[in-house]
Amino acid sequence: MSPQVIALVDCNNFYVSCERVFNPKLANRPVVVLSNNDGCAVARSNEVKALGVKMGTPWFKLKELARQQGIVACSSNYALYADMSNRVMSILAQFSPCQEVYSIDECFLDFSGIPKNNLALYGAEIKERVRQWTGLPVCVGIGASKTLAKLANHIAKKHLQFGGVCDLGAMTAGERDQWLSELGVGEVWGVGGRLTPKLAELGIRSVLDLKRAAPALLRSRFSVMMEKTNRELNGIVCIEMEEITPPRKQIVSSRSFGVPVSDLQSIEESVALYVRRATEKLRHQKSCAGAVQVVIRTSPFNPAVPYYGNSITLSLPTPTDDTSQIIKVALCGLARIYRAGFQYQKAGVMLSEIMPASAIQPELFSGQGDGRSKVLMDVMDGLNRKLGRGTVHSAREGFTQPWKMKQEHKSPCYTTRWDELPEAVA
């Protein structure tokens, strides 16, 4: 049996790159993508990183620098990013029979059956295919384990001589260790800033130090996961590929309001909206929920006004994926925790007790067994996929939604709404 070879394909500055695909004027300009309500920077172009802007910097603190340096701010456009991600993952699936989508902008591919002398060329072909078909730049890291593939991808991004593709397996043992010695241990997948100081106390400061550490010591001082990380750095596979993403055990949907909200109707509309979004994800993974939690709170950062926050979890009569049924229960819960006289900043819902839809046994008088609920949900999901997210929704969500999230710099959806398709003029 040939040794395993894993590739990690990662989109570069994904949110920013998505914006640039449809707005070429943003190329080579400093660009940030902002979080909900245009709060802080959650994605930065290389030009912005070069200016010293850190991830999570509030936008109001960047406005003067933006004026001086011409930084362009874009509000988060999650519908666009999700659609572009799906396109990239569909392309990558053509290059390996075993694919694990790890996040919105990265996935692992099994390269075990590809001749070793062709791995870098194969990675370059992937990079070019994604660029041609989507306009998005990616880097490819190749190694004998997931952890090594992650590090190879990091090296490919930071060092231009690799041309965006780094194959650690093509290096000699000495060359590979030299690269690992130049990387801080915090760059290792699963280590990060929290464990870095504790590892430094043991003299483990570089990736190479961690690779050479005694596995038993790491297990006793940290956990079995740190021992597995050590073995992965030595080319021993401990973290297997997961071709099928396991269903979520909880689904959360929440947002901060664009303006403070005090009236119950507005909060009801927001809760109904969040239930719809959560149940869409529930149906996508072919599951049903047995309970729903509703959360509301005021701003914890404003000492000038009294704080109030509360939550309630209610069981559903029968586990379901029906949006309207869950909205009814959620709004009953909201009525029990809502208090007048407060300026609410955020609301949200969480679906729990999730189980496969195929395992649900409807109750005799629940009304779910006649199939009408499933037909209605299928039609609604189909129309929203075809015409754009939220085209068909519950009237309980309202129509004007003055409380909705602030997105003053949002680009069109381009790929998911007919009325926002880009136009080409010949």
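Below or above, wherever it landed, is the structure these notes cover. (Residues numbered from 1 in each chain as written. Predicted model: local features only at pLDDT ≥ 70, side-chain atom pairs only at ≥ 80, totals over all residues. Heavy atoms only, no water.)

**Observations regarding helix H14 (residues 372-387)**
The end-to-end C-alpha separation of H14 is 22 Å, in line with the 22 Å expected for 16 residues at 1.5 Å each. Along H14, the residues classified as buried are Ser373, Met377, Met380, Asp381 and Asn384. Down the axis of H14, the sector holding all buried residues measures 95 degrees, keeping them to one side. Relative to its buried face, H14 has exposed residues pointing more than 90 degrees away, namely Arg372, Val375 and Lys386. Packed against the buried residues of H14 are helix H12 (264-284) and helix H13 (323-337). Directly beyond the C-terminal end of H14, a positive phi value near 120 degrees is found at Gly388. (Helix = DSSP H or I, 4+ residues; strand = E, 2+ residues; numbered from the N terminus. Expected span 1.5 Å × (residues − 1). Buried < 20%, exposed > 50% of the residue type's maximum accessible area, 1.4 Å probe, protein only. Arc of directions from axis to C-beta. Contact = heavy atoms within 4.5 Å.)

**What to know about the nonpolar core**
If you look at the biggest cluster of nonpolar residues, it comprises 36 residues, and the most contacted ones within it are Phe14, Leu92, Leu109, Phe111, Ile126, Val130 and Ile142. Looking at this core element by element, the count peaks at 7 residues for helix H4 (residues 78-92). If we skip the residues at most four places from it in the chain, Leu109 touches Val5, Ile6, Ala7, Val9, Leu92, Phe95, Ser96, Cys98, Gln99, Ile126 and Met241. Membership of the second largest hydrophobic core comes to 34 residues, among which are Tyr308, Ile312, Leu331 and Ile337. (Core = buried A, V, L, I, M, F, W, Y, C linked by side-chain atoms within 4.5 Å.)

**Focus: the pattern of salt bridges**
As enumerated under the stated definition, the model contains 17 salt bridges in all. Here Glu100 makes a salt bridge to Lys146, at a shortest N to O gap of 2.5 Å. Pair noted here: Glu100 is in strand S5 (residues 99-103) and Lys146 is in helix H6 (residues 146-158), with a separation of 46 residues, a long-range link. Take Glu100: its relative accessible area is 7%, and that puts it in the buried class. Where Arg276 meets Glu280, a salt bridge forms, and the shortest distance between an N and an O atom there is 3.2 Å. Residue Arg276 and its partner Glu280 are located together in helix H12, separated by 4 residues, close to a single helical turn. In this pair, the class of Arg276 matches that of Glu280, namely buried. Through salt bridges that share partners, Asp177, Lys211 and Arg212 make up one connected network. (Salt bridge = Lys/Arg side-chain N within 4 Å of Asp/Glu carboxyl O.)

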